[in-house]
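# Architecture and fold: a report
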Amino acid sequence: MRLITTTDMCQLVRHIGLDEFNARLLKNLEEDFSRWEQFHLSPRHATHYHHGVIELMPSSDDDLYAFKYVNGHPSNPQQGKLCVVAVGMLADVATGYPLMLCEMTWLTALRTASTAALGAQYLARKESHVLAIIGTGAQSEFQVSALAGVCDIHAVRYYDPDAKAMAKFANNLKGRFSQLLACKSAEEAAEGASLIVTATAAKRHNRILTRDMVSPGAHIHALGGDCPGKTELDPALLDHAKIVVEYSPQSQIEGEIQNRPEATIHAELWEIITGRRPGRESDEELTILDSVGFALEDFSALRLVNELAEETGIGQETSLIPDLKDPKNLFGALLND
Ligand code: NAD
């Protein structure tokens, strides 16, 4: 069984380069969303606490089974801890044997960003040059980096009430974009943006974006609203937008649309990717990918890491499953061998 630690993940991404990693992940995601009907899918199992959530996210096809343990604790950063941490596993369906145990804190940020890029490919205007990001925490630079791989971004406008998070964001992205524009409010950040990412963390119904703040023809990737009672958009925005979700049974409980149960969901993302439903149809329409994070995205990401570990030799073998000469002698192997 392969073990991919946090050290291995850094080595892997640095070895192939972030842009190449993002490109390969985007390809895996597109392939897997395109064969949606071959998957065994279900909403994640979420246990809610007053201060956060812990979730188990399974998905599988007939060859590979993946699951992720992940949390969401918006007040963790105040205690010097990450808001979101995760660990995942990939297993062989034929035998049920685990193949790989993998760090997924970085991998979640990477797959969340590549999912945003996948959505933008089908929903953003072709000439989306101005990106606004609201919330410059742990996910933010991943989002900008992946979106820049699919859109010709000239300027990045950003806002966070935390000045330290703003400075960190600017420092991490300096040199990658010629125009990084620090803004004093979400409203200022959204001004003239054709792509808007909301990546804030707060366990309440926020109104980070209202309709008057959004330019005609913008595409909003809303990713911070991902739990019951945790949303970012003014519900009135949904009345004027083409709404796309990842997986309706989960999104209706966790996404922005929990605030507008009567809103019409235009499509699930896979339907747009496979051409069953149209993506963007005009330069004027407002589109929203109401993203909550879906298990299939983790499947694609774990599949990629497994492939890259094979190619590069990064990672190590570890023993978490007994290796027995006689598979019926589990007892004897424990005490005698
Ligand atoms: P984080 O705590 O590192 O960053 C969140 C940032 O939001 C902080 O810097 C905070 O100051 C800022 N913020 C809070 N209120 C704000 C406001 N009103 N305006 C602007 N900024 C504000 O969290 P993170 O790891 O970056 O995650 C961001 C969000 O994305 C979380 O809610 C997390 O649960 C969610 N998330 C979703 C997915 C998905 O697949 N949809 C995946 C990972 C994380």
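Residues numbered from 1 in each chain as written. Predicted model: local features only at pLDDT ≥ 70, side-chain atom pairs only at ≥ 80, totals over all residues. Heavy atoms only, no water.

### Things to note about the sheet that holds strand β9 (residues 179-182)
One open sheet holds the 8 strands; their spatial order is β9-β8-β7-β10-β12-β16-β14-β15, and the pairing between them is parallel. The sheet is open, and its two borders are formed by β9 and β15 (267-268), each paired with just one other strand. For strand β7 (residues 130-134) and strand β10 (residues 195-198), the ladder comprises 4 bridges, and the chain directions are parallel. The residue bridging Ala-132 from the neighbouring strand is Ile-196, located in β10. Strands β7, β8 (155-159), β10 and β12 (219-222) of the sheet are contacted by helix α4 (residues 140-148), whose axis makes an angle of about 160 degrees with β7. Those strands touched by helix α5 (residues 163-173) are β7, β8 and β9, and its axis lies near 160 degrees from that of β8. (Pairing = 2+ DSSP bridges. Helix = DSSP H or I, 4+ residues; strand = E, 2+ residues; numbered from the N terminus. Contact = heavy atoms within 4.5 Å. Axes fitted to C-alpha atoms, helices over the stretch in contact; angles between N-to-C directions.)

### Some points on helix α3 (residues 105-123)
Taking 1.5 Å as the rise per residue, α3 with 19 residues should run 27 Å; its terminal C-alpha atoms sit 27 Å apart, in good agreement. Within α3, 15 of the 19 residues are buried, which leaves it mostly tucked inside the rest of the structure. (Expected span 1.5 Å × (residues − 1). Buried < 20%, exposed > 50% of the residue type's maximum accessible area, 1.4 Å probe, protein only.)

### Observations regarding the site of the ligand
The full set close to the ligand counts 26 residues, and Ala-138, Gln-139, Asp-160, Thr-200 and Lys-230 are the nearest of them. With respect to the ligand, the side chain of Asp-226 contributes an N or O atom lying 2.9 Å from an oxygen atom. Relative to its free-state accessible area of 860 Å², the ligand is covered by the protein chains to the extent of 87%. Residue composition of the shell around the ligand, grouped by class: 13 nonpolar, 8 polar and 5 charged. (Near = heavy atom within 4 Å. Polar contact = N/O pair within 3.5 Å; in protein donor to acceptor, adjacent residues only side chain to side chain. Areas by Shrake-Rupley, 256 points an atom, 1.4 Å probe, with all protein chains shown as cover. Nonpolar A, V, L, I, M, F, W, Y, C, P; charged D, E, K, R; others polar.)

### With respect to the pattern of salt bridges
Taken as a whole and judged by the stated rule, the model has 24 salt bridges. Across the pair Arg-111 and Glu-297 runs a salt bridge whose closest N-O atoms are separated by 3.6 Å. On the criterion of sequence distance, the pair formed by Arg-111 in helix α3 and Glu-297 in helix α10 (residues 295-312) is long-range, its members being 186 residues apart. Accessibility classification places Arg-111 together with Glu-297 in one group, the buried group. Between Lys-230 and Asp-226 there is a salt bridge; the shortest N-O distance is 2.5 Å. Overall, Lys-230 belongs to the buried group, its relative accessible area being 9%. The network of salt bridges with shared partners includes Arg-24, Lys-27, Glu-31, Asp-32, Arg-35, Asp-61, Arg-303, Glu-307 and Glu-311. (Salt bridge = Lys/Arg side-chain N within 4 Å of Asp/Glu carboxyl O.)

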